[in-house]
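# Survey of secondary and tertiary structure
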Amino acid sequence: MVIDLENLYGLPQEFIIRLNEFDSLFKQFEFLEDYETEIYQLIADINNYCLENEIIGYHYTNAIENDILEKGIIIRKGKDIRKEFKKRHFHLFTKDEQIQILNNWDKLFGEGDVKNRDNRVYFNFTKHALQNGGAELLLNYYGGEQVYFPIFELPQIGTKLKKIGIPMILECTLNPNDISTFIQYPWGKIVVSSYNKIINSKAYAIDQDGYQKVNVSPKKIKIIKYKKHIC
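Because the structure is predicted, anything quoted here is derived from the model rather than measured.

## Side note on the nonpolar core
- One finds Leu5, Leu19, Ile46, Phe125 and Val192 to be the most contacted residues of the largest nonpolar core, which totals 38 residues.
- Sorting the residues of this core by element identifies α1 (13-20), α2 (23-28), α3 (40-51), β2 (54-63), β3 (121-123), β4 (166-174) and α12 (186-199) as the ones contributing at least two each.
- One finds Phe90, Ile101, Tyr148 and Ile157 within the second-largest nonpolar core, a separate group that totals 17 residues.

Structure below.
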């Protein structure tokens, strides 16, 4: 079973019924912290169910569609990503722009960045980043943070980065056991907060960054082209 943590598709009816029992709490409170202890066991049970199945993760990117269709998402080191960028796209930039790009890459991508970014792919588990601005740069500039982050604000360079690929939301079917997150019972908490928002439109929806060190097959990816280009 594949579970969409945002709209609860794939979640068994038994959990929906158990969530229904707390509707009065959901109508009263906007933050999970206000009622978490009262539904702790339900959060844990939903989380455990998700761990026994698959979940949807969203990867925001500006890329070349055929690359995704043919290769999916490949785990790579940042230096290899930038090496491929140079091979495929450096001809689009003037000599001075190429020097600027290389200098800025050298300044930003040090040992700490290697530790936090290399051989990892990051996901969100709702689409709230489309509303709060969290996906803006990822959708707008080609290549991912390993390419664009130190250079997108440079004159002309950012404009050229926008023209290489297209903005896409990659809806990926994932094994939650492959994913590292930063809170306890992440899948249960996301589901409960999503349900809270259905009952109470003012509720705060929890999302959680997560990463895995496993490739994602093209067969596990649905490409959603993002039509609203962010300026």
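## With respect to the side chain of Asp23
- Note on placement: Asp23 falls in helix α2.
- Looking at Asp23, its side chain comes within polar contact range of the side chain of Tyr195, at 2.6 Å.
- Leave out the neighbours within four places in its chain, and Asp23 touches Tyr195 and Ile199.

## Thoughts on the layout of surface pockets
- Estimates place the volume of the largest pocket at around 1100 Å³.
- Along the wall of the largest pocket there are 43 residues; nearest its centre are His59, Tyr60, Thr61, Val121 and Gly144.
- Among the secondary structure elements, those contributing two or more residues to the lining of the largest pocket are β2, α4 (65-71), α5 (78-89), β3, α8 (129-132) and α10 (145-148).
- Each residue belonging to the lining of the largest pocket can be placed in one class, and the counts come to 20 nonpolar, 13 polar and 10 charged.

## So, the sheet that holds strand β5 (residues 179-180)
- Reading across from one edge, β3-β6-β5 is the order of the 3 strands in this open sheet, with antiparallel pairing throughout. Sheet topology places β3 and β5 at the edges, where each strand pairs with a single neighbour.

## Some words on the pattern of salt bridges
- Applying the stated rule across the entire model yields 10 salt bridges.
- For Arg88, the salt bridge goes to Asp67, with nearest N and O atoms at 2.9 Å. Of this pair, Arg88 sits in helix α5 while Asp67 is found in helix α4, placing the two residues 21 residues apart along the sequence.
- In this structure, the salt-bridge partner of Arg76 is Glu84, at a minimum N-O distance of 2.4 Å.
- Residue classification places Arg76 among the partly exposed residues on the basis of a relative accessible area of 31%.
- Each of Asp67, Arg76, Glu84 and Arg88 takes part in a single network of salt bridges with overlapping partners.

## Section: helix α6 (residues 95-108)
- With 14 residues, α6 extends 20 Å between its outermost C-alpha atoms, agreeing within 8% with the 20 Å of an ideal straight helix rising 1.5 Å per residue.
- Of the residues making up α6, those classed as buried are Glu97, Gln98, Ile101, Asn104 and Trp105. On an axial view of α6, the arc spanned by its buried residues comes to 135°, and they lie on one face. What points out from α6, more than 90 degrees from its buried face, is the exposed set Lys95, Asp96, Asp106 and Lys107.
- Elements in contact with the buried residues of α6: α5, α10 and α11 (157-162).

## Structural notes on the sheet that holds β2
- Judged by pairing direction, the sheet is mixed, and its 4 strands sit side by side in the order β1-β2-β4-β7 without closing on themselves. Of all the strands in the sheet, the pair left with one neighbour each is β1 (2-3) and β7 (221-225).
- The pairing of β1 with β2 spans 2 bridges and is classified as parallel. Across the sheet, the residue bridging to Val2 is Glu54, located in β2.

## Topic: a positive patch on the surface
- Taken together, the side chains of Lys77, Lys79, Lys83, Lys86 and Lys87 define a basic patch exposed on the protein surface.
- Along the polypeptide, Lys77 turns up in the loop between α4 and α5.

The rules we used
Residues numbered from 1 in each chain as written. Predicted model: local features only at pLDDT ≥ 70, side-chain atom pairs only at ≥ 80, totals over all residues. Heavy atoms only, no water. Core = buried A, V, L, I, M, F, W, Y, C linked by side-chain atoms within 4.5 Å. Buried < 20%, exposed > 50% of the residue type's maximum accessible area, 1.4 Å probe, protein only. Helix = DSSP H or I, 4+ residues; strand = E, 2+ residues; numbered from the N terminus. Polar contact = N/O pair within 3.5 Å; in protein donor to acceptor, adjacent residues only side chain to side chain. Contact = heavy atoms within 4.5 Å. 1 Å grid on protein atoms, 1.4 Å probe; cavity = no way out; pocket = protein on both sides within 12 Å on 5 of 7 lines; lining within 4 Å. Points joined across faces, edges and corners; volume = space filled by probe spheres on them. Nonpolar A, V, L, I, M, F, W, Y, C, P; charged D, E, K, R; others polar. Pairing = 2+ DSSP bridges. Salt bridge = Lys/Arg side-chain N within 4 Å of Asp/Glu carboxyl O. Expected span 1.5 Å × (residues − 1). Arc of directions from axis to C-beta. Patch = residues over 30% accessible without salt bridge, like charges linked within 9 Å, V, L, I, M, F, W, Y side chains within 5 Å. Areas by Shrake-Rupley, 256 points an atom, 1.4 Å probe, with all protein chains shown as cover. Lys, Arg positive; Asp, Glu negative; His and termini not counted. Charge placed at Lys NZ, Arg CZ, Asp CG, Glu CD.

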